[in-house]
Amino acid sequence: MTHTELPSARAALPVDLDEAAHRCLVAGFEGTTAVPDTLKRLIDRGLGGVILFTRNVRDAEQVRRLTDTLRALRPDLLVAIDNEGGGIGHLVAAGAPEVPGSYALGVVDDPALTARCADALAGHLAALGITASYAPVADVQRKADNPIVRTRAFGEESGLVSRHLSAWIAATEARGIASCAKHFPGHGGTLTDSHHELAVDPRPYEELDLEPFRAAIAAGVPMLMSAHVVFPALDANRPATLSRRILGDLLRHELEFEGVLVSDALEMKAIADLYGEAAGARIALAAGADQVIVAVPDLRVTLECRDAVLEALREGVLAEERVREAAGRVQRLVERYATPAAEVAPWDAEAGLEAARRAVRVPPVGVRGAHVVDLFPAPHPALNWGGEDLLTQVLAVDPTATGTAVAGEPADLEGVAAEILAKAGGAPLVVATCDAGLYPWQGRLRDVLLARRPGAVQVATGLPDGGAVCSYGRGRVNLRAVAEVLVGAR
């Protein structure tokens, strides 16, 4: 028993209020089979939900056993996961359907196809006993140097994003899975990753990207997730997650959203470094959030957040009515989504590859036996890029290919270039970059290679960055579609 679990010397809260406070928490944890005792105690006191990550996933049968075990502790526990598709996902080991990221779906601009991809992801969640998905991304990719949204967005235009959000939400709802549009009121106009520091969107009110969130609300989305972003046009002092003006005045009153507003993870540096997770939990709930996510597996952080909320209730700093209101919304959510479907209909396993192929709109290049150079940044620790590489997909359609993967900036760029060219020999050269505008080392290495091999084929696996062929994402099916084009397989 930790010190935060010891009985408080302060007066105990009424049991129903204590349970309401716990309803407002979503916790991450460590493990694939056994449920930690601390988490069991939190669940017993009313914990609203858990969020699963790659660390909780070994295979499909194990995940289903884990979700069944969690629900045996409390049937109305919400079991959630980030499930955007593309190169971002935590269920690869559990056989997740392969679908491209949202940007490629926007390039195709076929909402029916987007719905088929969303249905596949939702059907897989239902089969695993996961009934809440923190997706889709409602942000609009506005800034070329935005480091965090990019191919996670459906596109660069609000109407396009709105169309595909609506299709995704409807398909997910049809499976009995709760979707969550994020990150309110938009992360696409920033130049900062809020995982690392506080982000700011300086645009005036009339230029903010609220249209997709209006579309999501009209489509009946049951959850929205807040952004750890400051919007001076709305509230110059606090990020959206902690702002009563944004969560209350804008979201509840102007946009009339009646569902559950959940915070992005409190351990992200935008909150943790400036406020601390515990204070963040208290302020977010007071501002209008209904649930706060503490995604780190160290449950001591969750307990500290819980204790801060309980203490604020005792001291009257956090209004009892606010917590009961939030818990009521969460309860209505779990009544709709906590129980997984008894039977799960099949989904279209080919929808994702069809979408990825349609996004790559160039004639087949027809380069066989090439040496493929795949340049990409190191994986994002929170988003868990799946680790897919282009060479693997090229080899699947052209076993004579060779290649070199460079994940992260090399210390000796010239030396790496010489090594690549030596390996390539006389073979055709393919040079793939991923967001070279954000990671200048990729552009420098590409330019060195092109100077010596000017006939090399250029590929972009993120947003377009000068490549002749663009996949609009690094999901496995994105890379497979590019591989087929490169070798002339379609």
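Quick caveat, the model's predicted, so the values are computed rather than measured.

A.B. asks: Could you give an account of the sheet that holds strand β7 (residues 223-226), naming the residues involved and the relevant values?
C.D. replies: The strand order across the open sheet formed by three strands is β5-β7-β9, and the pairing between neighbours is parallel. Either end of the sheet is taken by a strand with one partner, and the two such strands are β5 (180-184) and β9 (260-262). The average angle at which neighbouring strand axes cross in this sheet is 25°, direction not considered. Across four bridges, β5 lies against β7 in parallel orientation. Bridged to K182 within β7 is M225.

A.B. asks: For the packing of helix α5 (residues 111-128) against helix α6 (residues 158-174), give the residues involved together with the corresponding values.
C.D. replies: Geometry of a packed helix pair, given as the angle between the helix axes and the separation of the axes. At a minimum axis distance of 8 Å, the contact between α5 and α6 shows a crossing angle of 40°. Accordingly, the angle class assigned to the pair α5 and α6 is oblique. Here α5 runs over α6; the crossing is right-handed. Judged by residue contacts, P111, T114, A115, A118, D119, L121 and A122 of α5 engage R163, H164, A167, W168, A171 and T172 from α6. Looking at the contact of α5 with α6, its residues break down into eight nonpolar, three polar and two charged.

A.B. asks: Explain the packing of helix α2 (residues 37-44) against helix α11 (residues 299-315) to me, using residue names and the numbers behind them.
C.D. replies: Between α2 and α11, the shortest axis-to-axis distance is 10 Å and the interhelical angle comes to 30°. The angle between α2 and α11 places the two elements in the roughly parallel class. For the crossing formed where α2 meets α11, the hand is left-handed. Contact residues: α2 offers T38, L39 and L42, while α11 offers L299, T302, L303 and R306. For the contact of α2 with α11, the residue count by class is four nonpolar, two polar and one charged.

A.B. asks: Lay out the nonpolar core with the relevant residues and their values.
C.D. replies: L39, L47, L70, I130 and L224 are the most contacted members of the largest nonpolar core, which totals 102 residues. Leaving out residues up to four positions away in the same chain, L39 has contacts with A27, F29, L47, V50, L70 and L299. Judged by nonpolar contacts, the second largest core, of 24 residues, contains A401, V477, A483 and V487.

A.B. asks: Outline the packing of aromatic side chains, supporting the account with residue identities and numerical values.
C.D. replies: Taken as a whole, this structure holds three aromatic pairs when the rule is applied. Ring plane angle 15° and centroid distance 5.7 Å describe the contact between Y103 and Y472, whose orientation is recorded as stacked. A residue pair is termed long-range when its members are at least 10 positions apart, and Y103 in helix α4 (residues 102-108) and Y472 in the loop between β15 (469-470) and α17 (476-487) qualify at 369 residues. Looking at Y472, the relative accessible area reads 17%, which means it is buried. Judged by centre distance (5.2 Å) and plane angle (90°), the ring pair of F184 and F213 falls under edge-to-face. Residue F184 is located in strand β5, and its partner F213 is located in helix α7 (residues 211-218); the two are separated by 29 residues in the primary sequence. Taking NZ or CZ as reference, R474 lies 4.3 Å from the ring centre of F376, over its face.

A.B. asks: Explain unusual backbone geometry residue by residue, including any values.
C.D. replies: Look at the link from A135 to P136: it is a cis peptide, with omega at 10°. Along the chain, P136 falls in the loop between β4 (132-133) and α6. Cis geometry is adopted by the peptide bond preceding P185, which originates at F184 and carries an omega value of 0°. Mapped onto the elements, P185 comes out in the loop between β5 and β6 (199-200). The phi dihedral of D109 falls on the positive side, at around 55°, and the residue is not glycine. Looking at the element boundaries, D109 is found in the loop between α4 and α5. The exposure class assigned to D109 is partly exposed, which follows from its relative accessible area of 32%. Of note, D435 is a non-glycine position whose phi angle comes to about 60°, a positive value.

A.B. asks: Outline helix α3 (residues 60-73), supporting the account with residue identities and numerical values.
C.D. replies: Here α3 is 14 residues long and its end C-alpha atoms lie 20 Å apart, about the 20 Å a rise of 1.5 Å per residue gives. All of the buried residues in α3 are Q62, V63, L66, T67, L70 and R71. Projected down its long axis, α3 shows its buried positions confined to an angular sector of 170°, all on one face. Residues E61 and A72 are exposed on α3 and point more than 90 degrees away from its buried face. For α3, the elements touching its buried residues are α2, β2 (49-52), β3 (78-81) and α5. The N-capping residue of α3, defined by a side-chain oxygen 3.2 Å from the backbone nitrogen of E61, is D59.

A.B. asks: Could you give me a rundown of empty space enclosed by the protein, with the residues and numbers involved?
C.D. replies: As enumerated under the stated definition, the model contains two cavities of 30 Å³ or more in all. Taken as a whole, the largest cavity encloses approximately 90 Å³ of empty space. Lining of the largest cavity is provided by 14 residues; of these, G85, G86, G87, G101 and T151 occupy positions nearest its centre. Broken down by class, the residue content of the lining of the largest cavity amounts to two nonpolar, nine polar and three charged. Counted as a void, the second largest cavity has a volume near 50 Å³. Residue lining of the second largest cavity: N83, A118, L121, A122, L125, S133, A135, W168 and T172, and that is the complete set. With four residues, the single largest contributor to the lining of the second largest cavity is α5. Its residues assigned to classes, the lining of the second largest cavity shows six nonpolar, three polar and no charged.

Rules behind the numbers
- Residues numbered from 1 in each chain as written.
- Predicted model: local features only at pLDDT ≥ 70, side-chain atom pairs only at ≥ 80, totals over all residues.
- Heavy atoms only, no water.
- Pairing = 2+ DSSP bridges.
- Helix = DSSP H or I, 4+ residues; strand = E, 2+ residues; numbered from the N terminus.
- Axes fitted to C-alpha atoms, helices over the stretch in contact; angles between N-to-C directions.
- Parallel < 35°, antiparallel > 145°, perpendicular 65-115°, else oblique.
- Left-handed = near helix turned anticlockwise from the far one by under 90°.
- Contact = heavy atoms within 4.5 Å.
- Nonpolar A, V, L, I, M, F, W, Y, C, P; charged D, E, K, R; others polar.
- Core = buried A, V, L, I, M, F, W, Y, C linked by side-chain atoms within 4.5 Å.
- Buried < 20%, exposed > 50% of the residue type's maximum accessible area, 1.4 Å probe, protein only.
- Phe/Tyr/Trp six-rings, centres within 6.5 Å; stacked < 30°, edge-to-face > 60°.
- Lys NZ or Arg CZ within 6 Å of the ring centre and 35° of its normal.
- Expected span 1.5 Å × (residues − 1).
- Arc of directions from axis to C-beta.
- Polar contact = N/O pair within 3.5 Å; in protein donor to acceptor, adjacent residues only side chain to side chain.
- 1 Å grid on protein atoms, 1.4 Å probe; cavity = no way out; pocket = protein on both sides within 12 Å on 5 of 7 lines; lining within 4 Å.
- Points joined across faces, edges and corners; volume = space filled by probe spheres on them.

What is shown is where atoms sit, not what they do.
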